[in-house]
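Tertiary structure, described
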Protein chains: 2
Amino acid sequence: MLTENITEILEGNAHYAASYTKKGLPLPPKRKLVVVTCMDARLLPAKALGLHEGDAHVIRNAGGSAKDALRSIIISQQLLGTEELVVIHHTDCGMLTFTNSQLHQILRERFHDVDVDDIDFLTFTDLEQSVRDDVEFLRSSKVINPHIRISGWIYEVETGKIRRVIEQ
Amino acid sequence: MLTENITEILEGNAHYAASYTKKGLPLPPKRKLVVVTCMDARLLPAKALGLHEGDAHVIRNAGGSAKDALRSIIISQQLLGTEELVVIHHTDCGMLTFTNSQLHQILRERFHDVDVDDIDFLTFTDLEQSVRDDVEFLRSSKVINPHIRISGWIYEVETGKIRRVIEQ
């Protein structure tokens with residue numbers, strides 16, 4: 001018994017695979033680029049940035065946190081040779097709408113026997129500052145290659161446009 | 001001075017924004033779905049699964065690790081109401097090609113004064129088992145809603161097709 005979502009995904013994938021011509025692309029990203037951005041449903045990074053199969057690593061999590069993405073960024077740079085990184089947060093982000101302590105309280109109420117107070121949900125209160133903080137976190141990290149070009153951006157869900165916050 | 005990548009991204013984004021009609025989409029995903037998958041450059045989740053703006057959260061990291069994604073999954077479920085989750089790993093994944101200790105050694109050689117041995121890079125040696133392990137991790141987690149439907153899949157970079165490993 002398939003769920004409605006699975007049925008739709010299988011239909012979408014059958015459509016995609018029917019005209020698939022990307023066999024044999026190498027594992028390392030062609031553009032030597034890694035994009036770190038939010039999981040938000042309104043954001044389709046490849047479509048919104050003109051990325052094609054094989055172009056760039058895309059790391060996504062709640063908020064587009066660079067700190068949360070560090071494990072993946074290390075692998076991208078050290079093993080797969082990426083040399084440029086863009087951090088893209090976005091307007092109307094869910095991470096602006098709650099605090100760590102509020103979500104800790106929700107989890108304690110909904111679940112039993114959970115110790116969640118040590119989970120940092122990496123919320124933020126100022127969107128532009130969150131981009132600056134993430135770029136600064138990466139630039140000051142001891143495990144990021146110093147020659148990596150890093151820039152910071154905001155995607156506007158109202159317009160589909162990106163605008164730069166921090167130059168590379 | 002823009003890098004070649006930034007110039008191409010800005011061109012791609014200008015093209016996207018010129019015909020953007022998605023203003024006003026709500027923050028919670030319409031399909032109540034969250035996709036957890038790999039950052040691999042050859043995988044374009046929205047295109048390969050037929051997802052549109054507003055449909056689903058997409059979390060991506062090296063390997064498509066559910067453990068690494070837990071912070072984001074909690075936010076997706078508890079604050080934004082997703083009720084179904086698909087884990088998608090893929091063939092020819094970079095996570096099959098190295099071990100924790102190998103990458104720790106590389107980092108020690110390339111950087112100085114870094115203490116990296118406590119970073120778990122979440123590598124795996126068996127692709128199908130890695131999907132089963134991630135689904136099991138989520139099903140046994142104390143902070144995942146028990147009614148959430150979770151399924152596990154493999155995306156084939158050779159064909160563009162997904163195939164199911166674990167039913168929801």
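Scroll up for the structure.
Notes on the structure in this doc start here.

Scoring rules and cut-offs
Residues numbered from 1 in each chain as written. Chains lettered and ligands numbered in written order. Predicted model: local features only at pLDDT ≥ 70, side-chain atom pairs only at ≥ 80, totals over all residues. Heavy atoms only, no water. Helix = DSSP H or I, 4+ residues; strand = E, 2+ residues; numbered from the N terminus. Buried < 20%, exposed > 50% of the residue type's maximum accessible area, 1.4 Å probe, protein only. Least-squares fit on C-alpha atoms with pLDDT ≥ 70 in both. Contact = heavy atoms within 4.5 Å. Disulfide = S-S within 2.5 Å. Salt bridge = Lys/Arg side-chain N within 4 Å of Asp/Glu carboxyl O. Expected span 1.5 Å × (residues − 1). Arc of directions from axis to C-beta. Buried area = accessible area lost by both parts, 1.4 Å probe. Nonpolar A, V, L, I, M, F, W, Y, C, P; charged D, E, K, R; others polar.

Re the overall build of chain A
Within chain A one finds five helices and five strands. Ordered by position from N to C terminus, the α and β elements of chain A give α-β-α-β-α-β-α-α-β-β. Reported as C-alpha extents along the three principal axes, the dimensions of chain A are approximately 50 × 50 × 35 Å. When the 168 residues of chain A are sorted by exposure, 60% land in the buried category.

Examining the relation of the copies chain A and chain B
Overlay of chain A on chain B (RMSD 0.0 Å): rotation 180 degrees, translation along the axis 0.0 Å. The operation mapping one copy onto its partner corresponds to a two-fold rotation axis. By C-alpha distance to the rotation axis, the residue of chain A lying nearest is A:Arg60, at 2.3 Å. When the interface residues of chain A are mapped onto chain B, 100% of them again fall at the interface, so both copies present the same face.

Considering the state of the cysteines
Residue and element names in this part refer to chain B. Applying the stated criterion across every chain yields a total of zero disulfides over all chains. Not part of a disulfide, Cys 93 finds its nearest cysteine sulfur in Cys 38, a span of 4.1 Å. For Cys 93, a relative accessible area of 1% corresponds to the buried category.

Quick notes on the pattern of salt bridges
Working definition: two side chains of opposite charge can pair if their charged atoms are close together. Counted according to the given criterion, the structure contains 24 salt bridges over all chains. Between A:Lys22 and A:Glu53 there is a salt bridge, and its shortest N-O distance comes to 3.9 Å. Linking A:Lys22 in the loop between helix H1 (4-18) and strand S1 (33-38) with A:Glu53 in the loop between helix H2 (45-49) and strand S2 (56-61), this pair joins segments that are 31 residues apart in sequence. Assessed through its relative accessible area of 7%, A:Glu53 is described here as buried. Put simply, B:Arg163 and B:Glu128 hold a salt bridge, and the shortest N to O gap is 2.9 Å. Of this pair, B:Arg163 sits in strand S5 (residues 162-166) while B:Glu128 sits in helix H5 (residues 127-139); the two residues are 35 residues apart in sequence, bridging distant segments of the chain. Looking at B:Arg163, the relative accessible area reads 32%, which means it is partly exposed. A cluster of three or more residues bridged by salt bridges with shared partners is formed by A:Glu128, A:Arg132, A:Glu156 and A:Arg163.

What about helix H1 (residues 4-18) of chain B?
Look at H1(B): 21 Å from first C-alpha to last across 15 residues, which is about the 21 Å you get at 1.5 Å a residue. Taken as a whole, H1(B) has its buried residues at B:Asn5, B:Ile6, B:Ile9, B:Gly12, B:Asn13, B:Tyr16 and B:Ala17. The buried residues of H1(B) occupy one face: seen down the axis, they fall within an arc of 130 degrees. Exposed and facing more than 90 degrees away from the buried side of H1(B) are B:Glu4, B:Glu11, B:His15 and B:Ala18. The inward-facing, buried residues of H1(B) contact S1, H2, strand S3 (84-90), strand S4 (149-155) and strand S5 (162-166) of chain A.

What about the interface of chain A and chain B?
Opposite the 87 residues of chain A that make contact, chain B presents 87 residues. Here chain A packs against chain B, burying approximately 7,400 Å² in sum over the two surfaces, 62% of which is carbon and sulfur. Considering only the surface of chain A that becomes buried against chain B, A:Met39, A:Arg42 and A:Arg71 emerge as the three largest contributors, covering 10% of it. Seen at the junction of chain A and chain B, the total is six salt bridges. For B:Glu8, the salt bridge goes to A:Arg31, with nearest N and O atoms at 3.1 Å. Sorting the residues of the side of chain A that touches chain B by element identifies H1, H2, S2, helix H3 (70-80), S3, helix H4 (100-110), S4 and S5 of chain A as the ones contributing at least two each. For the side of chain A that touches chain B, the leading source of residues is H1(A), giving nine residues. Here the residues of the side of chain A that touches chain B sort into 46 nonpolar, 19 polar and 22 charged.

By themselves, these figures tell us nothing about what the structure is for.
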